[in-house]
Amino acid sequence: MEYRRLGSSGLKLSALSFGAWVTFGRQVDQRAARDMLAYAHAQGVNFFDNAEVYAHGVAEEVMGAALHELALPRDSYCLSSKAYFGRLPDPAPTQRGLSRKHLTDACHQALRRLRVDYLDLYYCHRPDEDTPVAEIVLTMDTLVRQGKVLYWGTSEWPAVLINAAAEFAHAHHLIGPQMEQPQYNMLHRERVEQEYAPIYNSLGLGITTWSPLASGLLTGKYAAKVPADSRLGQSDNAWLREAVLDAEGGAHARRAAALPALAMEFECSPAQLAIAWCLKNPHVSTVILGASRISQLEENLAALAVAQRLDAAAWQHIENNLAAS
Ligand code: NDP
């Protein structure tokens, strides 16, 4: 495993990490979740990502129970949670957004569900136009000083807002945002590569990126039909199936269809090439993987070796192909 600094912080995260979205508490049972966590940890993965909204809090309960059962040393892994959406489907007004009230309650609840004393990373899951940036920064600073959170950050915030939070923190000697969690994959790259470009160095921002495979589209598994045992084949993921397969009028699906042939040129799987592509961006602190079975983790973790063996000419060839598809 390779370990990378979380931006300018001293924390070293595994370059590949593992998240719970739409799998834990929904698609896979407790035993499968436990076995995947154990496998990932044994391979050197040291960051497991979660959020209050995943399976209405159940994803955190599943992860907490699994880690408890595995009895892994707490100092050998990092855990995250994120607050904003509340625990859907119908959170009360006090139970969503980024108010001091909700950020604090959601932190306490995540600690209970995950069965830990502190969160390593805590994210504002989306921007909240109803809460002043000052209130958010002050609340996060308090949670860090209380020892309940080690690093705080944002997810899918515009660069200008991240900058505003960092400037407020700096001006008031408070702890500012350390990381962002954006979507980043071959089909979705603009925010990471362009919008955030000015703030990586100025803020020391790290990024922990999500959906490296665009929910599995970049594995090529959806080229012919939607397999019943896949994420997009789940009946309660109809909204996601539409969002992924119809993105940009089907252009994403058409571009993904070109990936298997390209991957074959480099003697790897499409998933490995797609994940290696994320890893080659030096601003990426960790690529958060998703998986529904151990065999996927095994395949995807081998993307690290692919990233290490591809040279500049290979990446140029890949970029040319992406631009042409
Ligand atoms: P991916 O885009 O990599 O999708 C993962 C899914 O693709 C798996 O669950 C599996 O689904 C399928 N898959 C993975 N590997 C393979 C393979 N080798 N062959 C075939 N199919 C494969 O990542 P996620 O969308 O899961 O995102 C990763 C994590 O990022 C999440 O768990 C979450 O922690 C975080 N995230 C954060 C968000 C945010 O707003 N901050 C939003 C979304 C995610 P299946 O087998 O069921 O088809």
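Residues numbered from 1 in each chain as written. Predicted model: local features only at pLDDT ≥ 70, side-chain atom pairs only at ≥ 80, totals over all residues. Heavy atoms only, no water.

Per an unreviewed UniProt entry, the protein chain goes by the name Aldo/keto reductase and belongs to Metallibacterium scheffleri. Here the protein chain is described in UniProt, under the heading Sequence similarities (unreviewed entry), as follows: "Belongs to the shaker potassium channel beta subunit family." (UniProt positions renumbered as here; feature names shortened; annotations may be inferred.)

All told, the structure shown has one cavity of 30 Å³ or more when counted by the stated rule. When its volume is computed, the largest cavity comes out at roughly 50 Å³. Lining the largest cavity are M186, L187, L218, R255, A256, L259, L322 and S325. Here the residues of the lining of the largest cavity are counted per class, giving six nonpolar, one polar and one charged. (1 Å grid on protein atoms, 1.4 Å probe; cavity = no way out; pocket = protein on both sides within 12 Å on 5 of 7 lines; lining within 4 Å. Points joined across faces, edges and corners; volume = space filled by probe spheres on them. Nonpolar A, V, L, I, M, F, W, Y, C, P; charged D, E, K, R; others polar.)

The topology assignment puts T94 in the loop between β5 (78–83) and α3 (100–114). Residue classification places T94 among the partly exposed residues on the basis of a relative accessible area of 43%. Ignoring sequence-local partners within four residues, the contact set of T94 consists of K101 and H102. (Helix = DSSP H or I, 4+ residues; strand = E, 2+ residues; numbered from the N terminus. Buried < 20%, exposed > 50% of the residue type's maximum accessible area, 1.4 Å probe, protein only. Contact = heavy atoms within 4.5 Å.)

Our focus in this paragraph is the site of the ligand. Close to the ligand lie 34 residues, the nearest being Q27, D49, S211, K221 and S292. Between the ligand and the protein, one listed contact pairs an oxygen atom with a backbone N or O atom of G19 at 3.3 Å. Between the ligand and the protein, one listed contact pairs an oxygen atom with a backbone N or O atom of A214 at 3.2 Å. When the free accessible area of the ligand is taken as 910 Å², the share hidden by the protein chains comes to 96%. (Near = heavy atom within 4 Å. Polar contact = N/O pair within 3.5 Å; in protein donor to acceptor, adjacent residues only side chain to side chain. Areas by Shrake-Rupley, 256 points an atom, 1.4 Å probe, with all protein chains shown as cover.)

A separate point is the packing of aromatic side chains. Throughout the structure, instances matching the rule amount to seven aromatic pairs. For the cation-ring pair, R74 lies above Y118, with the distance from its terminal atom to the ring centre recorded as 4.1 Å. Just above the ring of W315 sits the side chain of K280; from NZ or CZ to the centre is 5.4 Å. (Phe/Tyr/Trp six-rings, centres within 6.5 Å; stacked < 30°, edge-to-face > 60°. Lys NZ or Arg CZ within 6 Å of the ring centre and 35° of its normal.)

With 97 residues, the main nonpolar core has F18, F24, F48, Y122 and I318 as its most contacted residues. For this core, the element with the highest residue contribution is helix α11 (residues 270–279), accounting for eight residues. Counting nine residues, the second largest nonpolar core, distinct from the first, contains L11, F47, C78 and Y123. (Core = buried A, V, L, I, M, F, W, Y, C linked by side-chain atoms within 4.5 Å.)

Moving on to the UniProt feature "domain: NADP-dependent oxidoreductase" (unreviewed entry) in the protein chain. The sites that UniProt annotates as "domain: NADP-dependent oxidoreductase" (unreviewed entry) are residues 16–319. The straight-line gap between the two end C-alpha atoms of residues 16–319 is 22 Å; of that span, 43% is helix and 12% is strand.

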